[in-house]
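# Structural overview
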Amino acid sequence: MITVEKFREDYLKKLATKSGKPIEETSNWDKYHALASLTREYLTNEWIETNERYNERDVKQVYYFSMEFLTGRFLLRNLQCQNLTEIVREALEGLDFDLDEIASVEKDQGLGNGGLGRLAACFLDSMAALSIPGHGCGIRYKYGLFEQKIVDGYQVEFPDKWLQNRNVWEIKKADRAVEVHFGGNVRMEEYGGKTRFVHENYNTVIAVPYDTPVAGYHNGTVNTLRLWSAESTRRDFDFHSFSSGDYAEAFKQKYDVESISQVLYPNDSYDEGRKLRLKQEYFFVSAGIQGIMNTFKRTEKDLYTLYDYVAIHINDTHPSLAIAEMMRILMDRDGMGWDEAWNITTKVMSYTNHTIMSEALEQWSVDLFKELLPRIYMIVEEINRRFCEELLQKGYGEQKISDMAIISNGMIRMAYLAIVGSYSVNGVAKLHTEILKHRELKNFYELYPSKFNNKTNGITHRRWLLNANPNLAELLDDTIGERWLSDTMELRKMLNYVNDEKILARIDAVKQINKNQLADYIEEELGIIIDRNSIYDVQAKRLHEYKRQTLNILHIMHLYNSLLDNPDLDIPSRTFIFAAKAAPSYHMAKQTIKLINSVADKINNDERVKDKLKVVFLPNYGVSLAEILIPAADISEQISTTTKEASGTGNMKFMMNGAVTIATKDGANIEILNEVGDDNIFIFGLTDDQVYKLYSEQTFDSLSCYESDLRIKRVVDQLVDGTYHDNLDEFRIIRESLLYNDEFFVLEDFNAYVAAQDRIGRAYMDQTRWLKMALTNIACSGIFSSDRTIQEYAAGIWSVDRVMK
C-alpha cells in the first residue's frame, strides 16, 4: 500500500539519484524525470505479473500492428490507472511542488499523425482496461511527423524532437533484437528432396525493441507497446574510412540504416521517399512477426496450433506485408509447405480498412518492391498467382480477375493482399462498411461475404473525459455515480436530468471553466483575445480537401460580409477555431492554412465587427492540445464530403464532452445522429446516394453554383480580389479548384451549410435548449467508448477472452 508518506520518501530518493542535485536546485524536468521513473517502477511488478499470468494460463494474445500510436502523455494517465493521483498530488504539495506543472513538462510521443494513431492508442487503453491480452507493435520514430509553426500565416515544419530528453517510459530490450534483411538476391536449391529458397547478399538492419507499459484502469493489468528502432550492424562507424579522411562515408551506412526509424511518413513525392516508406513498413512488420514467432517457439507449443494462441491485427494497409512475412518465416525458417503455411497465416491475420480514399489504399511498384524485398516479392507473386487461379476456376472473366488481382499493371495493391490473406475484413462505421461491401470492395465481398464485418470506432473515455475534463467527470460522479467509468452505457442515466435546472446550470458552469482555460491558452500563445461567452466553433483534424476546411472558411468569409453589410445583425458572438497539420508536400492544404490565417488576420483586426466574430488557428495540433480544446468546444465541425470519412473519432470526443455536432451524413456521424436524434445535431448536405449520383452522371457544375448565387460568387471572388492578400494570385489555386475541379462538392453544399450555421445561432440564443442538447450528447456518447469496440473485436474477430488478475 502506497501512502502519502511512503510516496514522498520514495520520490525524494528518486529525485536525488536522478538529478544529483539538492532539492532546491532541481528543475521541473528533474522533478518530472524522477516522478515518471518512480511511477514506472510502481507499474513494473504488475507488468511482469501480467505477462506471467498470460503465459501460465496459455491464453491467446493479440498483436495490434500499426504505423501510428498517438498515446499522448503518460504520467497523469499512469498515476490515475494506479489510483495514485491524489496521493501524489498531496505528497508533492507537501514539498511545495505542483503536480500539473510537473506533468506539463512531458512531451507528446511523436508516434503518429492523426486519427489512425489516436484510435490505436485508444484501443491499447481499452484492451488493458478490459484485461484483454493485447499489445501494440510499431516503429520508435526518433522524430514525429513535424512540429508545426505558423510564420506569416504559412505552415512551416520543424523537427519534432520528442526524444530529445529521453523517454522515461520505455525499456530497451537489446536481447530481443532481430535482423531484418533488404535487397540482395534469392536462389533456389534442392535440400532433402524439397526446393529451398535462400536469400543472400542482403543488407542487414538490426531491429531493437523498446517496450512501454500500457496500464489498465485499477485492474492490475499492464500490457505492452513494443516499438522497433533501426540500428546498424556496425557498432559505431567505419573507422577505416574515417582514418582515411572520408568522413562522410564513415558514417553513411549507420545513418542510412537509422533513417528507417528516423521520421514518421517521409515525403513520398520522390523515389527515395517512397523507398524509405516501404523499408519502414517491412522493417517493423518483419521485426514484429519475428519477435512473436521467437516468443511462441520458447513455449515449445506445436507450431501448427499458432492460431490458437496468436492473433495479428493489421491496422490499415501499412502492415499488410505481415502476411507475406509470416509465410516467409513458416516456409523458409520452419520448413513448412505452402498450403500448411497459408492455412496458419490466414487464420492468424485480420485486417481493418480505414479509408476508401484511393491515395490511402497503398500501392507499390513491382520494380521497387522486387529490388528491395526480393523474397517477399516472390511470395506475394505466388499469393497473387494462386488467387487469380482461384478466380479463374470460379468462372471469373479476364477483366474482373485483372480488377481484383493483387499485382496488376506493374503495381502491388496492398489492400487486396490484406483482404486475401486475412480471415476478417472490417470497416469502422456502418456506412463505411456498407460502401466497402457494395461499392469499393464489392467484388471481394461477393467472393468472401463471411469475411466482411463492421466494428464502429470508439474512444477511450478515461483519457478524453476523465483526464481531459475532470470537472465534467466529477459532475457525472455526483449525479449518476461512478459506474460509468467501467460501463459507459451508464451515461444514458443523465437523460433523466435533461429538465433539471440545477444539473443544466452545472453543465453550463463546467463548460465555461473549460472555455476560460482555452481562452487563456489562446491569449498566452497567440495574443488573441476572444469573447469567452461566444460560440466556440471548432474544426480540429488533419488538413485535407475532403475534410472541407475550405467550406468552413468560406462560411466565415460570408458571415464577415454579412456583418459588414448589416452591423446590427442579431447573431450570437462566434469564435471559429481551427487546428490542423497539412502534409509537407500537400500544397493545396498548406495554402488553405494560409487562407485561414489571412482571413483571421483581417477579421480579428477589424473594429467594425468588434467581438462578434473571431478566427483562431492553433498551431501544432496533437493529443495534449486536443485535451484543452475539445472540452471547451460548443460546436464540433464534422463536415467532410459524404462517403469520404470512414468513421472519425474526433466527432465522438467532442460529443462526449458536450459539444453539439454540425455534420454531413458521413462515417460515424450517422450513428451519432441515431443516438441523439434530429433535435440534438445539425445535419446538412448531400447524402451518399446523391454524391454517388453526381460522380456517376458527372452532372455537377460548380461554375453554375458560382454564377447563380451572389453569396458564393462574392466569397469566391474575394479569394483573388485583394480582400485577404495583396498578392492576387496567393489563393488563386483554391479558387480554380472550387470553380473547375470541385470534386468534394464544397460549393454544392455551401447553402445547406450556411443554413445549418444559422440554425446553430438561433439554437444557441436559447440557452436552456442548448444546455439540454449538450447534456443529451454527453448522455448518448457511451456507445462510442472504445471499450465497446474492443469487446466487439475480441468476441467477433480475435476470439480472445479477458484474463483477470
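Scroll up for the structure.
Presented here is an overview of the structure given in this document. (Residues numbered from 1 in each chain as written. Predicted model: local features only at pLDDT ≥ 70, side-chain atom pairs only at ≥ 80, totals over all residues. Heavy atoms only, no water.)

## Notes on the packing of aromatic side chains
How we decide: Note on ring pairs: Phe, Tyr and Trp rings are taken, using the six-membered ring of Trp, and paired if centres are within 6.5 Å. Classes follow the plane angle, with under 30 degrees stacked, over 60 edge-to-face and the rest tilted. Working definition: helices are DSSP H or I runs of at least four residues, strands are E runs of at least two. Numbering for both runs from the N terminus. Burial classes follow relative accessibility: with a 1.4 Å probe on protein chains only, a residue under 20% of its type's maximum area counts as buried, one over 50% as exposed, and anything between as partly exposed.
Inspection of every chain in the model, using the stated rule, returns 20 aromatic pairs. Aromatic side chains F387 and F444 sit 6.0 Å apart centroid to centroid with 5° between the ring planes, which places their arrangement in the stacked category. Here F387, found in helix α13 (residues 374–393), pairs with F444, found in helix α17 (residues 442–447); they are 57 residues apart in sequence, far enough to count as distant. Overall, the relative accessible area of 2% leaves F387 in the buried class. For F444, a relative accessible area of 2% corresponds to the buried category.

## Here we look at the sheet that holds strand β13 (residues 363–365)
Quick note on the threshold: A strand pair is defined by DSSP finding two or more bridges across the two strands.
As summarised here, the arrangement of the three strands in space is β13-β15-β14, forming an open sheet in which the pairing is antiparallel. One side of each edge strand has no neighbouring strand; the edge strands of this open sheet are β13 and β14 (407–408). Bridge count for β14 against strand β15 (residues 411–413) is two bridges, and the pairing is antiparallel. Counterpart to S408 in the pairing with β15 is M411.

## A few points about the nonpolar core
Note the threshold: Buried Ala, Val, Leu, Ile, Met, Phe, Trp, Tyr and Cys residues that are joined via side-chain atoms within 4.5 Å together make up what is termed a nonpolar core. Residue contacts follow a heavy-atom distance rule, with two residues in contact if any of their heavy atoms lie within 4.5 Å.
Among the nonpolar cores identified, the biggest contains 115 residues, and F283, I289, I312, F369 and W798 are the most heavily contacted of them. In terms of residues, this core owes the most to one element, helix α9 (residues 271–298), which gives 11 residues. If we ignore the near neighbours within four places in the chain, the residues touching I312 are Y63, F65, I289, I292, M326, V348, M349 and S350. One finds I553, Y586, V754 and Y764 within the second-largest nonpolar core, a separate group that totals 62 residues.

## A look at helix α6 (residues 115–129)
To keep things clear, this is the line we draw: In this analysis, the expected span of each helix is defined as 1.5 Å times one less than the number of residues it contains.
Helix length check: α6, at 15 residues, gives a terminal C-alpha distance of 21 Å against a target of 21 Å (1.5 Å per residue), a fit within 8%. The element α6 is extensively covered by neighbouring structure, given that 14 of its 15 residues are classed as buried. Residue S131 follows α6 closely and has a positive phi angle near 60°.

## Some remarks on the packing of α9 against helix α10 (residues 321–333)
A packed helix pair is summarised by two numbers, namely the angle formed by the two axes and the spacing between the axes. Our working definition: Where helices are involved, their axes are fitted lines through C-alpha atoms of the stretch in contact, as for all axes, and angles between N-to-C directions lie from 0 to 180°. By definition in this entry, angles of less than 35 degrees are roughly parallel, angles greater than 145 are roughly antiparallel, angles of 65 to 115 are roughly perpendicular, and the rest are oblique. Helix crossings get a hand from a simple test, with the near helix turned counterclockwise from the far one by less than a right angle marking a left-handed crossing and a clockwise turn marking a right-handed one. Only Asp, Glu, Lys and Arg are considered charged in this grouping, and only Ala, Val, Leu, Ile, Met, Phe, Trp, Tyr, Cys and Pro are considered nonpolar; every other residue, Gly among them, is considered polar.
Axis separation between α9 and α10 bottoms out at 9 Å; the angle between their running directions is 45°. As judged from the angle between their axes, α9 and α10 are oblique. As α9 packs across α10, the resulting crossing turns out to be right-handed. Taken together, the residues of α10 that come into contact with α9 (itself represented by L278, Y282, V285, S286, I289, Q290, M293, N294 and K297) are L321, A322, E325, M326, R328, I329, L330 and R333. Residues that form the contact of α9 with α10 fall into these classes: 10 nonpolar, three polar and four charged.

## Things to note about the pattern of salt bridges
Stated precisely, the cut-off is as follows: One side-chain nitrogen of Lys or Arg within 4 Å of one carboxyl oxygen of Asp or Glu is enough to make a salt bridge.
In this structure the tally under the stated criterion is 52 salt bridges. Here R89 makes a salt bridge to E86, at a shortest N to O gap of 4.0 Å. Of this pair, R89 and E86 are both found in helix α4 (residues 85–93), three residues apart, which corresponds to roughly one turn of the helix. For R89, a relative accessible area of 21% translates into the label partly exposed. On the basis of relative accessible area, E86 is assigned to the exposed category, the value being 55%. One connected set of salt bridges, linked through shared partners, spans D339, E382, R385, R386 and E389.

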